[in-house]
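Here are the chains, one letter per residue:
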Amino acid sequence: MTDIVANLKKIQQDIHHCAQIVERRSNEILLLAVSKTHPVEKIIQAYEQGQRQFGENYLQHAIPKIIELNQLNIEWHFIGKIQSNKTRLIAEHFAWVQTLESEKHAQRLNQQRPTDLPPLNICIQVNINEEPQKAGVLLQDVQALAEVIQALPHLNLRGLMAIPAARQSVQQQNYTFNLLLQAYRNLKAQFPQVDTLSMGMTSDMQAAIAHGSTMVRIGTGIFGARES
Ligand SMILES: *Cc1c(COP(=O)(O)O)cnc(C)c1O
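What you see is a predicted model, and the numbers here were worked out from it, not measured in a lab. (Residues numbered from 1 in each chain as written. Predicted model: local features only at pLDDT ≥ 70, side-chain atom pairs only at ≥ 80, totals over all residues. Heavy atoms only, no water.)

1. Concerning the overall build of the protein chain
Let me state the cut-off plainly: Put simply, DSSP H or I for four residues or longer makes a helix, DSSP E for two residues or longer makes a strand, and each gets a number counted from the N terminus. Throughout this description, buried means an accessible area under 20% of the type-specific maximum (1.4 Å probe, protein chains only), exposed means over 50%, and partly exposed covers the range between. Note on definitions: a residue-residue contact is assigned when non-hydrogen atoms from the two residues lie within 4.5 Å. Values of accessible area rely on a 1.4 Å probe in the Shrake-Rupley scheme; residue burial ignores everything except the protein chains shown.
Within the protein chain, the regular secondary structure consists of nine helices and eight strands. Along the first, second and third principal axes, the C-alpha set of the protein chain runs to 45 × 40 × 30 Å. Here the protein chain, with 228 residues, has 50% of them falling under the buried criterion. Sequence separation of at least 24 residues holds for 59% of the intrachain contacts in the protein chain that already meet a minimum separation of 6. Carbon and sulfur atoms make up 49% of the accessible area of the protein chain, which totals about 11100 Å².

Written out as structure tokens, the structure reads:
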């Protein structure tokens, strides 16, 4: 059985350690627990340890879990690929979308966000290594999409998110995260409410934190291997 309590503690210590190396405070770095494929029992275990931010990317699995746990004070982040015919479900059930990559989806999420909920928090996904098959916008297109989001009343632009190319050397990780950090600083200079740079997973957390990550997204390191 996965020891979620021990895993969470270990990840928190790792975050603290990575922050210390570069003289950052670990409370500037939020841990997003990626619970995709894992049952509600495991989410509850993490919740009981104080974890509040959870990430899901398969909508059909996420919605029943969100509904079942709606008495808990969880902040749900959508981190999967957005399909146009599913934007309403996302707008109604999540507090954050980290994978926005098109104006069309921004417009739909804005229209479909229930007005009794606070604005939907948005990170633009950046295809930072310009991989043809990968989701996200190119760096040069961040600005245009940011302006669209900024003008929509039911969306709140919070920052950038990226999933770097797999199997990069530490040198490549550093290069990639530095590009993102520069883009994030540019964005923040124009849109002062921007406060989120979502980068870093289990294998590249140290480089991400060294380059200013404010949110790391960890699945396997907390919940063990994916279940389906
Ligand atoms: C699955 C996933 C993660 C977590 O990956 P692990 O390797 O399980 O830590 C992080 N970010 C995104 C966007 C994911 O889809």
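There is more to say, and it comes next.
2. Re the layout of surface pockets
Convention followed: Put simply, the grid is 1 Å and covers the protein atoms alone, a cavity is a trapped set of points that fit a 1.4 Å probe, a pocket is an open set with protein on both sides within 12 Å along at least five of seven lines, and lining residues have an atom within 4 Å of a point. Grid points are joined across faces, edges and corners, and a volume is the space filled by probe spheres set on the points. Put simply, Ala, Val, Leu, Ile, Met, Phe, Trp, Tyr, Cys and Pro go in the nonpolar bin, Asp, Glu, Lys and Arg in the charged bin, and everything else, Gly too, in the polar bin.
Its boundaries defined by the atoms lining it, the largest pocket holds a volume of some 290 Å³. In terms of lining, the largest pocket is formed by 15 residues, of which the most central are Ile74, Trp76, His93, Phe94 and Ala95. Among the elements of the structure, β3 (75–78) and α4 (87–93) are those that each provide at least two residues to the lining of the largest pocket. In terms of residue class, the lining of the largest pocket is made up of nine nonpolar, three polar and three charged. The calculated volume of the second largest pocket comes to roughly 240 Å³. Lining the second largest pocket we find 13 residues, and of these Val34, Lys36, Met201, Arg217 and Arg226 sit closest to its centre. Class assignment of the residues belonging to the lining of the second largest pocket gives a composition of six nonpolar, four polar and three charged.

3. Section: the site of the ligand
Spelled out, the test is: We define proximity as follows: a residue is near a molecule or strand when any one of its heavy atoms falls within 4 Å of that partner. Counting of polar contacts relies on pairs of N or O atoms within 3.5 Å, with two restrictions inside protein: one atom must be capable of donating a hydrogen and the other of accepting it, and residues adjacent in sequence are counted only when both atoms are side-chain atoms. Assignment to a cavity or pocket requires that more than half of a molecule's atoms be within 2 Å of the site's grid points.
Taken together, 13 residues surround the ligand, and among them Lys36, Arg217, Gly219, Thr220 and Arg226 come closest. Taking Gly219, its main chain carries an N or O atom lying 2.8 Å from an oxygen atom of the ligand. In isolation the ligand has 390 Å² of accessible area, and contact with the protein removes 89% of it. Spatially, the ligand is embedded in the second largest pocket.

4. Here's the deal with the pairing of strand β8 (residues 215–218)
Remark: a regular strand shows side chains that alternate across the two faces of the sheet. Worth spelling out the cut-off: Whether two strands pair comes down to DSSP finding at least two bridges between them.
Burial along β8 is two-sided: the residues Met215 and Arg217 and Val216 and Ile218 are all buried. Relative to β8, strand β1 (residues 30–34) runs parallel, the two sharing four bridges. Paired with Ala33 across the bridge in β8 is Ile218.

5. A look at the pattern of salt bridges
So the rule is basically this: Here, a salt bridge means any side-chain nitrogen of Lys or Arg that lies within 4 Å of a carboxyl oxygen of Asp or Glu.
Within the structure shown, the criterion is met by eight salt bridges. The residue Arg24 makes a salt bridge to Glu28 at a minimum N-O spacing of 3.1 Å. The partner of Glu56 in a salt bridge is Lys65, with the nearest N and O atoms 2.9 Å apart. The buried category is assigned to Glu56, whose relative accessible area is 0%. Among the ionic contacts, a cluster of salt bridges with common partners joins Arg24, Arg25 and Glu28.

6. Here we look at the packing of aromatic side chains
Just so we agree on the cut-off: Two rings belonging to Phe, Tyr or Trp (six-membered ring only in the last case) form a pair when the distance between their centres is within 6.5 Å. Interplanar angles under 30 degrees mark stacking, angles over 60 mark edge-to-face geometry, and anything in between is tilted. Either the NZ atom of lysine or the CZ atom of arginine qualifies as a charge over a ring when it sits within 6 Å of the ring centre and within 35 degrees of the ring normal.
For the coordinates displayed, the defined rule picks out two aromatic pairs. An angle of 45 degrees between the planes, with centres 5.9 Å apart, marks the rings of Phe54 and Trp76 as tilted. Of this pair, Phe54 sits in strand β2 (residues 53–56) while Trp76 is found in strand β3, placing the two residues 22 residues apart along the sequence. What makes Trp76 buried here is its relative accessible area of 5%. Considering the side-chain rings of Phe78 and Phe94, the 5.3 Å spacing of their centres and the 75 degrees angle between planes classify their relative orientation as edge-to-face. In this pair, Phe78 sits in strand β3 while Phe94 sits in the loop between α4 and β4 (96–100), placing the two residues 16 residues apart along the sequence. The class for Phe78 is buried, based on a relative accessible area of 1%. Cation over ring: Arg52 sits above Tyr47, and NZ or CZ is 3.7 Å from the ring centre.

7. Focus on helix α7 (residues 170–190)
As a reminder of what qualifies: Helix span, as expected, comes to 1.5 Å for every residue beyond the first.
Over its 21 residues, α7 runs 31 Å from end to end, which matches the ideal 30 Å to within 8%, given 1.5 Å per residue. Restricting attention to buried positions, one finds in α7 the residues Gln173, Thr176, Phe177, Leu180, Leu181, Ala183, Tyr184 and Leu187. Close packing links the buried residues of α7 with β5 (120–126), α6 (142–150), β6 (155–162), β7 (196–198) and α8 (205–210).

Function-wise, these values are silent; they only describe arrangement.
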